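Chain and residue survey
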Number of protein chains: 6
Amino acid sequence: MSLNKERRIGRLAVMMLLDDDKERTLEIVKELGWTTCTGKVGSMEASKVVAAIETAARKNEIVKTGVYREGHALYHAIIEALHGVTRGQVQLGSVLRTVGLSFAIVRGEPYDSSEEGEWIAVSLYGTIGAPMKGAEHETIGLGINHI
Amino acid sequence: MSLNKERRIGRLAVMMLLDDDKERTLEIVKELGWTTCTGKVGSMEASKVVAAIETAARKNEIVKTGVYREGHALYHAIIEALHGVTRGQVQLGSVLRTVGLSFAIVRGEPYDSSEEGEWIAVSLYGTIGAPMKGAEHETIGLGINHI
Amino acid sequence: MSLNKERRIGRLAVMMLLDDDKERTLEIVKELGWTTCTGKVGSMEASKVVAAIETAARKNEIVKTGVYREGHALYHAIIEALHGVTRGQVQLGSVLRTVGLSFAIVRGEPYDSSEEGEWIAVSLYGTIGAPMKGAEHETIGLGINHI
Amino acid sequence: MSLNKERRIGRLAVMMLLDDDKERTLEIVKELGWTTCTGKVGSMEASKVVAAIETAARKNEIVKTGVYREGHALYHAIIEALHGVTRGQVQLGSVLRTVGLSFAIVRGEPYDSSEEGEWIAVSLYGTIGAPMKGAEHETIGLGINHI
Amino acid sequence: MSLNKERRIGRLAVMMLLDDDKERTLEIVKELGWTTCTGKVGSMEASKVVAAIETAARKNEIVKTGVYREGHALYHAIIEALHGVTRGQVQLGSVLRTVGLSFAIVRGEPYDSSEEGEWIAVSLYGTIGAPMKGAEHETIGLGINHI
Amino acid sequence: MSLNKERRIGRLAVMMLLDDDKERTLEIVKELGWTTCTGKVGSMEASKVVAAIETAARKNEIVKTGVYREGHALYHAIIEALHGVTRGQVQLGSVLRTVGLSFAIVRGEPYDSSEEGEWIAVSLYGTIGAPMKGAEHETIGLGINHI
Ligand SMILES: [Mg+2]
Ligand SMILES: [Mg+2]
Ligand SMILES: [Mg+2]
Ligand SMILES: [Mg+2]
Ligand SMILES: [Mg+2]
Ligand SMILES: [Mg+2]
């Protein structure tokens, strides 16, 4: 059941956001036959970050609309990614901070064995800080789930 | 006080671990005149992950041994990075899971204004899972602090 | 100070919600001379869940209005029950999820020794999920406190 | 995608532990064609609770040994159930408390639509308290995941 | 049910540790007819901090040995105090840090109304930091519960 | 790098709030050549507590306006102090509770070695409870950071 080195879904999801040459990462994902999308969201409300990612995932047909199973897998991946971004309490405006984030969603088969099936990765990268221009530092998060 | 695009310390710390061409990232960091090091640690004990990073930071003179101020900045950056890795409870073996991680530490001045001084970034990337070969998925974490 | 098998207050509080024959559980509670009530609450705000349970407890005279000691015991039992429902962060709408819950409150003496006095149990059972019909799974929580 | 009232997998998992007539619940689960098992574990180490449930799930063929996807689904269900039991920090002996728990695992299809596939529920019920006979109260937890 | 200004139990518990003239605070507590004790504990294990406080409370007859109700009230007060000390995860050695703490326990009636009965306050004050002499800063915690 | 007994910044920050003779503590702080201020804030929103402290710190020139480094040090000290106040989830109104707090901010050099530089302490003391007069108990918090 080992993770295939060429198919490290989490690494690819993060590289979709960090690579200078984003097209290169996108190509790798497409060659693997996987689905992916990226987007941006800035908010003081964590719920808006969740909503932006869920909407993008449905619109880009990465998860099937109306199938809870898929929405459930995605939701927990998003919340896990938000733990990396918030590092303690999954809260933004309620503790007077805001985020400006890029996100990527990747769905594919990262394991050698076909029995391991599909997984989903949600990556977040951007800044977190006070609601005041420039008063912020970088932040990252990654959530991975079977789907 | 804005974050300089060429000096995104968090992005660089993560690229030290994810880039195919790690030398390229290392060069960028060195050209900026910053200090950095990388290492690996696998453990079921979070304390060993903390210790490995602290030891590497001291040995590579990224933080000054015997100056608590610097150790304090580093410690909180490590713990914040571990939040991304553990996504909920900063626990490994006590909830029957283990990690195999690469880490990078980068120290430099990411902001335009010199008044913002030095910051430290700790990045973690690897796998987390059951203590059983292959029963694991990827995980990432980033902690950033002023130093 | 052992817990009396026939007076497991937590089990009874949960059975008030899950038993097909709820009357049977209610009868057992009443035969013990204990007080109890049940109710329902659906919300995206955790504060509304807390308020609904506190109001029911006062209206049904399970806790004495105006006595903080009793309100304090109840409050902590509610928050503990919400931990089981939310499993990580005691947040609903702020992480884009909603609950539809039944709750029961039971007050009585679960221990053999009369010195152990009265305790309160708050149980919650229902669904948690996205604010979209059917996109939800079950959830349970139980909080117990001395009163 | 609605949850079928006769197939509330979480309720059934809890009733496997609480019902006076456990055979009745077991029969319902079996008539649905689902798989289930129960067990007991007492420990001051959360890792031992996790291990006991994982071992029972594999031995009773509720999850497939060697398929990480299934182990991953089960693991997160267990940790979610432990949140209900521990209500705050998923820690036992490290904060000087111990548990005596019964557990049930149920795997089946709780939703009307076949597209929703299989889900797994892990329920925990028992006592938590000081490592001193009788110094304990009841506790419950439920974790549910798609599998 | 208002808190009596002269009987602020939490403030008194903290002053037992911080006041230059500790005898003065002790006198106030005794004049109120309340019970109290203080002690010290240094450890990398949170469980040892809990044990030291529980033992002192029993030995000084602040809580009644063998009455779970009292042990339960004390336990939750201790854990709440530890939240202030640890600020995030109630963990010490497992995240490579250690504490050197003084503690005070005060039991008395802080409210005007006699109906509010007795409450217990646990205060902690000392240092937290790396297991290296001097690499530490101060920390405080206070837990209050009805008893 | 040891903490100087006469310059225990955390103790002084708390004594600014608890001491009967607040002038005495203020004098000690001023004699050390340190900066400090106090204030009050009551709210059901944690963000308002954060904002009140940040505003006071800037207005009293304890931190430099427009320097993120200083705002960052202060922010984390505030959040750490709030952990002591909230003991679990850094939430107020969202879990139906409110606070009435005094706060103090102290900035100075608590260590013997000048290399350790300046640190900031944020202390909070007051009451937490239901949004109902008198239904509250005391609470305390202290956050310390290098600045
Ligand atoms: Mg996982
Ligand atoms: Mg920060
Ligand atoms: Mg308890
Ligand atoms: Mg779920
Ligand atoms: Mg309380
Ligand atoms: Mg610190």
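Residues numbered from 1 in each chain as written. Chains lettered and ligands numbered in written order. Predicted model: local features only at pLDDT ≥ 70, side-chain atom pairs only at ≥ 80, totals over all residues. Heavy atoms only, no water.

1. Focus on the overall build of chain A
Applied cut-off: Numbered from the N terminus, helices here are DSSP runs of H or I no shorter than four residues, and strands are runs of E no shorter than two. We call a residue buried when its accessible area falls under 20% of the maximum for its residue type, exposed when it is over 50%, and partly exposed in between, using a 1.4 Å probe and counting protein chains only. Whether two residues touch is decided by their heavy atoms; if any such pair falls within 4.5 Å, the residues are in contact. The method behind every accessible area is Shrake-Rupley, applied with a 1.4 Å probe, and residues are considered shielded solely by the protein chains displayed. The positive count covers Lys and Arg only, the negative count covers Asp and Glu only, and His and the chain ends enter neither. Where a charge sits is defined by one atom per residue type, namely NZ (Lys), CZ (Arg), CG (Asp) or CD (Glu).
The helix and strand inventory of chain A stands at four helices and four strands. Beginning at the N terminus, the succession of helices and strands in chain A can be written as α-α-β-α-α-β-β-β. Looking at chain A as a whole, 66% of its 147 residues are labelled buried. Restricting the contact set of chain A to residue pairs at least 6 apart, pairs at least 24 apart contribute 65%. If you sum the accessible surface of chain A, you get close to 5,100 Å²; carbon and sulfur atoms cover 48% of it. Considering chain A, the positive charge centre built from 17 side chains and the negative charge centre built from 19 side chains are found 5 Å apart.

2. Notes on helix α1 (residues 9-18) of chain D
A large share of α1(D) lies buried, amounting to 10 of its 10 residues. Those residues of α1(D) that fall on the buried side of the exposure criterion are D:I9, D:G10, D:R11, D:L12, D:A13, D:V14, D:M15, D:M16, D:L17 and D:L18.

3. Topic: the relation of the copies chain E and chain F
Keep this limit in mind: In this comparison the copies share one frame, found by least squares on the C-alpha atoms of residues holding pLDDT of at least 70 in both.
It takes a turn of 180 degrees to lay chain E on chain F, together with a shift of 0.0 Å along the axis; the resulting RMSD is 0.0 Å. Seen this way, the second copy is the image of the first under a two-fold rotation axis. In terms of C-alpha distance to the rotation axis, chain E has E:G84 as its closest residue, with the C-alpha 1.7 Å off the axis.

4. A short note on the sheet that holds strand β1 (residues 35-43) of chain B
Either a parallel or an antiparallel arrangement is found when strands of a sheet pair, and the pairing is made through backbone hydrogen bonds. Residue and element names in this part refer to chain B. For clarity, the threshold we go by: Strands pair, by our definition, only if DSSP identifies at least two bridges between them. Axis geometry follows a simple rule: fit a line to the C-alpha atoms, using only the stretch in contact for helices, then measure angles between N-to-C directions, giving values from 0 to 180 degrees.
With antiparallel pairing, the four strands of this open sheet are ordered in space as β1-β2-β3-β4. Sheet topology places β1 and β4 (136-146) at the edges, where each strand pairs with a single neighbour. Within the sheet, the average angular offset between the axes of one strand and its neighbour, ignoring direction, is 15 degrees. With 11 bridges connecting them, strand β3 (residues 119-129) and β4 associate as antiparallel partners.

5. A few points about the relation of the copies chain B and chain A
In the superposition of chain B on chain A (RMSD 0.0 Å, axial shift 0.0 Å), the rotation amounts to 180 degrees. The overlap is high: 100% of the interface residues of chain B also sit at the interface in chain A, so the same surface is used on both sides.

6. Examining the coordination of the magnesium ion (ligand 2)
Quick note on the threshold: Here a donor is any nitrogen, oxygen or sulfur atom (N, O, S) within 2.8 Å of the metal, with 3.2 Å used for Na, K and Ca; water is not among the atoms considered, so some sites may look incomplete.
Surrounding the magnesium ion (ligand 2) are the protein donor atoms A:H137 (NE2), F:H72 (NE2) and F:H76 (NE2), at 2.2 Å. One end of the pair, A:H137, is in strand β4 (residues 136-146); the other, F:H72, is in helix α4 (residues 68-86), on a second chain. Accessibility classification places A:H137 together with F:H72 in one group, the buried group.

7. Digging into the pattern of salt bridges
Cut-off, in case you're wondering: Every case where a carboxyl oxygen of Asp or Glu lies within 4 Å of a side-chain nitrogen of Lys or Arg is listed as a salt bridge.
Under the defined criterion, the tally for this structure stands at 42 salt bridges over all chains. The residue F:E70 makes a salt bridge to F:R107 at a minimum N-O spacing of 2.8 Å. Of this pair, F:E70 sits in helix α4 while F:R107 is found in strand β2 (residues 98-108), placing the two residues 37 residues apart along the sequence. The pair formed by F:E70 and F:R107 is uniform in burial state, with each residue classed as buried. Within this structure, A:E70, A:R107 and A:E118 form a network of salt bridges that share partners.

8. Considerations on the sheet that holds strand β4 (residues 136-146) of chain E
Taken together, four strands build an open sheet; the order of strands is β1-β2-β3-β4 (chain E) and the sheet is antiparallel. At either end of the open sheet lies a strand with only one pairing partner, and these are β1 (35-43) and β4 of chain E. Averaged over all adjacent pairs, the angle separating strand axes in this sheet is 15 degrees, with direction ignored. When strand β2 (residues 98-108) of chain E meets strand β3 (residues 119-129) of chain E, the two strands line up antiparallel, connected through 11 bridges. In the sheet register, E:G100 faces β3(E), and the bridge partner there is E:T127. In the packing of helix α4 (residues 68-86) of chain C onto the sheet, the strands contacted are β3 and β4 of chain E, and the crossing angle to β4(E) comes to about 115 degrees.

9. Quick word on the interface of chain B and chain A
Note the following rule: By definition, the buried area sums, over both parts, the 1.4 Å-probe accessible area that each loses when the two are put together. Polar contact criterion, stated in full: a pair of N or O atoms within 3.5 Å, where within protein one must be able to donate a hydrogen and the other to accept it, and residues adjacent in sequence count only if both atoms are side-chain atoms.
At the junction of the two partners, chain B supplies 34 residues and chain A supplies 34 residues. Summing the contributions of chain B and of chain A, the shared interface buries around 2,800 Å²; its carbon and sulfur component is 62%. At the junction of chain B and chain A, the tally comes to four salt bridges. Where A:R87 meets B:E80, a salt bridge forms, and the shortest distance between an N and an O atom there is 2.5 Å. At the surface where chain B touches chain A, the tally comes to 14 residue pairs in polar contact (both at pLDDT 80 or more).

10. As for the pairing of strand β4 (residues 136-146) of chain C
Counting buried residues along β4(C), 10 of its 11 residues qualify, which places the element largely inside the surrounding structure. Following strand β3 (residues 119-129) of chain C, the chain reverses through six residues before pairing antiparallel with β4(C); C:G134 in that reversal takes a positive phi of roughly 90 degrees.

11. Focus on the interface of chain E and chain F
The condition is simple: All residues other than Ala, Val, Leu, Ile, Met, Phe, Trp, Tyr, Cys, Pro, Asp, Glu, Lys and Arg, Gly among them, are scored as polar; the first ten of these are nonpolar and the last four charged.
Listed per partner, the contact involves 34 residues of chain E and 34 residues of chain F. Of the roughly 2,800 Å² buried at the junction of chain E and chain F (both faces included), carbon and sulfur atoms supply 61%. When the buried area of chain E at its contact with chain F is split by residue, E:R11, E:R87 and E:E138 rank highest and sum to 22% of it. The tally of links from chain E across to chain F stands at four salt bridges. If you look at where chain E meets chain F, you find 14 residue pairs in polar contact (both at pLDDT 80 or more). Contributing elements (two or more residues each) for the side of chain E that touches chain F: α1 (9-18), α4 (68-86), β3 and β4 of chain E. Partitioning the side of chain E that touches chain F into residue classes produces 14 nonpolar, 10 polar and 10 charged.

12. Some points on the side chain of D:H72
Residue D:H72 is classed as buried on the basis of its relative accessible area, which comes to 3%. Side-chain polar atoms of D:H72 contact the side chain of B:H137, separated by 3.1 Å. With residues near it in sequence (within four places) discarded, D:H72 still touches A:W119, A:I144, A:N145, A:H146, B:H137 and D:N145.

13. Examining the coordination of the magnesium ion (ligand 6)
Ligation of the magnesium ion (ligand 6) by protein atoms is provided by B:H72 (NE2), B:H76 (NE2) and E:H137 (NE2), these donors lying 2.2 Å from the ion. With B:H72 and B:H76 both in helix α4 (residues 68-86) and four residues apart, the pair spans about one turn of that helix. The same class applies to B:H72 as to B:H76, namely buried.

14. Topic: the side chain of A:S47
Within the fold, A:S47 resides in helix α3 (residues 46-59). Residue class for A:S47 comes out buried when judged on its relative accessible area of 13%.

15. A short note on helix α3 (residues 46-59) of chain F
All names here are of chain F. Quick note on the threshold: Each helix should span, by expectation, one fewer than its residue count multiplied by 1.5 Å.
Taking 1.5 Å per residue as the helical rise, α3 with its 14 residues ought to reach 20 Å, and the 20 Å between its terminal C-alpha atoms agrees with that figure. When we look at burial in α3, the residues that qualify are A46, S47, V49, V50, I53, E54, A56 and A57. A positive phi of about 55 degrees marks E61, the residue just after α3.

16. Looking at the confidence of the model for chain A
The following threshold applies: Values of pLDDT, ranging from 0 to 100, describe the predictor's confidence in every residue of the model.
Across chain A, pLDDT averages 96, with 99% of residues at or above 70. The ipTM for the predicted assembly is 0.98, set against a pTM of 0.98.

17. Focus on unusual backbone geometry
Positive phi, close to 60 degrees, is recorded for B:L96, a residue that is not glycine. Within the secondary structure, B:L96 sits in the loop between α4 and β2 (98-108). By relative accessible area, which is 16% here, B:L96 ends up buried. Positive phi is not limited to glycine here, since C:E61 has a value of about 55 degrees. Within the secondary structure, C:E61 is located in the loop between α3 (46-59) and α4.

18. Structural notes on a negative patch on the surface
All names here are of chain A. As a reminder of what qualifies: Residues enter patches when their relative accessible area tops 30% and they take part in no salt bridge; the joining distance is 9 Å for like charges and 5 Å for the nonpolar side chains Val, Leu, Ile, Met, Phe, Trp and Tyr.
Negative charge collects at one region of the surface, where D21, E23, E27 and E31 lie side by side. Along the chain, E31 turns up in helix α2 (residues 22-31). Here E31 falls in the exposed class, since its relative accessible area comes to 68%.

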